[in-house]
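Here is what each chain is made of, one letter per residue.
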Amino acid sequence: MKLMRPRPPLGRGTTFAAACLLVLTLGGCGGGRGGDDKQGESSPNPSASQSTTPPAATTSPGIESSAESPGGSEGTAQSSPSAGTPKETAALLRAGRTGLRQVPNSTVYSIESENEGDTWEVEVVTSDGTKHEMYISSDGKSVARPPRTDGKKAEYRERIQGAKLDFQEAVDVILGEVPGARFKELGLDHEKGTIVWEADVVNQSGTARSLEIDAASGKVVKNKLDT
């Protein structure tokens, strides 16, 4: 009778290989469909969750903020004069805005150069027709003499109510008619039953001109030599 030798025990490698063979036969080693789905997932990038702080807003030196409010009834956005605007005209615009800030809820009625350009006489009118007169520095930035009033309310009220263009829009129309105009005076007036913005300017060649703008429509009704 021949004796059978016992088989040596299977090693670890042989056991694992056999187990994998069995799993592959049943549906694949590695966990089936669930394992395949996980292969497409990527680990989050730690740097992606880091938030960055936006840089603080800065304003270039020498540029006036467009958010500045004149404090008056003229609600148009205020912006700095363009680079091509003559300094006298830019100063007139600043003087008008300074005057509006002195008297809340008012409208510019007139701006006139005084004392050979040393000051601007600025007149603003409130909705009840009260006119406030003041003097502003030549650069248009500060008050040289505070506002004072007079009593012709009905006349002033009629003119500001009939003017659809404010003083800044009137300046724009006149600059379109006389490019580079330097303003000496700008004000509301009556002309043959029409309320007009009347202006005395000097053109680029040094010639004085007188203009009138229909304050309701913006139409130029007069542009002639100021003799």
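Please refer to the structure placed before this passage.
Here's a quick rundown of the structure. (Residues numbered from 1 in each chain as written. Predicted model: local features only at pLDDT ≥ 70, side-chain atom pairs only at ≥ 80, totals over all residues. Heavy atoms only, no water.)

Right, let's talk about the packing of helix α3 (residues 87-102) against helix α5 (residues 167-177) for a bit. Their axes nearest at 10 Å, the elements α3 and α5 cross at an angle of 165°. What the angle tells us is that α3 and α5 run roughly antiparallel. Considering only the axes of α3 and α5, their crossing is right-handed. Contact residues: α3 offers T89, L92, L93, G96, R97 and L100, while α5 offers F167, Q168, V171 and L175. By residue class, the composition of the contact of α3 with α5 is six nonpolar, three polar and one charged. (Axes fitted to C-alpha atoms, helices over the stretch in contact; angles between N-to-C directions. Helix = DSSP H or I, 4+ residues; strand = E, 2+ residues; numbered from the N terminus. Parallel < 35°, antiparallel > 145°, perpendicular 65-115°, else oblique. Left-handed = near helix turned anticlockwise from the far one by under 90°. Contact = heavy atoms within 4.5 Å. Nonpolar A, V, L, I, M, F, W, Y, C, P; charged D, E, K, R; others polar.)

Moving on to the nonpolar core. Formed by 35 residues in total, the largest nonpolar core has its most connected members in F183, L186 and W197. The leading source of residues in this core is α3, at five residues. Among all residues touching L186, those that are not within four sequence positions of it are L92, Y109, S110, I111, F167, A170, V171, I174, W197, E198 and A199. (Core = buried A, V, L, I, M, F, W, Y, C linked by side-chain atoms within 4.5 Å. Buried < 20%, exposed > 50% of the residue type's maximum accessible area, 1.4 Å probe, protein only.)

This part takes up the sheet that holds strand β4 (residues 143-150). Spatially, eight strands are ordered β4-β3-β2-β1-β5-β6-β7-β8 in an open sheet, and the strand pairing comes out antiparallel. With partners counted over all chains shown, the strands left at the sheet margins are β4 and β8 (220-225), one partner each. Geometrically, the sheet is characterised by an average inter-axis angle of 20° between neighbouring strands, direction not taken into account. Here strand β3 (residues 131-137) runs beside β4; their pairing, made up of five bridges, is antiparallel. Bridging across to β4, E133 finds its partner in R148. (Pairing = 2+ DSSP bridges.)

Inspection of the sheet shows strand β7 (residues 208-214) paired to β8 by five bridges, in the antiparallel sense. Each residue of the ladder has a partner; that of E212, found in β8, is K222. Connecting the antiparallel pair β7 and β8 is a turn made up of five residues, with G218 showing a positive phi of about 85°.

Summed over all chains, the structure comprises seven salt bridges. Sharing partners across several salt bridges, the network here consists of E133, R145 and R148. (Salt bridge = Lys/Arg side-chain N within 4 Å of Asp/Glu carboxyl O.)

Time to look at the packing of aromatic side chains. How two aromatic rings sit relative to each other is set out by the distance from centre to centre and by the angle between their planes. Throughout the structure, instances matching the rule amount to one aromatic pair. On the numbers, 5.1 Å between centres and 75° between planes, the contact of Y109 with Y156 is edge-to-face. Taken together, the residues span a long stretch of sequence, with Y109 in strand β1 (residues 106-114) and Y156 in helix α4 (residues 153-162) at a distance of 47 residues. (Phe/Tyr/Trp six-rings, centres within 6.5 Å; stacked < 30°, edge-to-face > 60°.)

This next bit is on the environment of D166. Relative to the elements of secondary structure, D166 occurs in the loop between α4 and α5. Judged by relative accessible area, which is 9%, D166 ranks as buried.

Within the secondary structure layout, S137 lies in strand β3. A polar side-chain atom of S137 sits 2.5 Å from a polar atom in the side chain of D139. Not counting the four nearest positions on each side in its chain, S137 is found in contact with D118, T119, W120, S142 and A144. (Polar contact = N/O pair within 3.5 Å; in protein donor to acceptor, adjacent residues only side chain to side chain.)

Turning to α3, a few remarks are in order. For α3, with 16 residues, the first-to-last C-alpha span of 23 Å sits near the 22 Å given by 1.5 Å per residue. Among the 16 residues that make up α3, 12 are buried, leaving the element largely enclosed by the rest of the structure. Considered for burial, the residues of α3 that qualify are T89, A90, A91, L92, L93, R94, A95, G96, R97, T98, G99 and L100. Here the buried face of α3 lies against β1, β2 (119-126), β3, β4, α5 and β5 (182-191). (Expected span 1.5 Å × (residues − 1).)

Before going further, it helps to examine the pairing of β1. In this structure, β1 lies alongside β2, joined through eight bridges in antiparallel fashion. Following the sheet pairing, T107 is matched in β2 by V125. If you look at the hairpin formed by β1 and β2, you'll find four residues sitting between the two strands, and N115 has a positive phi there, around 55°. Two elements, β1 and β5, share three bridges in a ladder whose sense is antiparallel.

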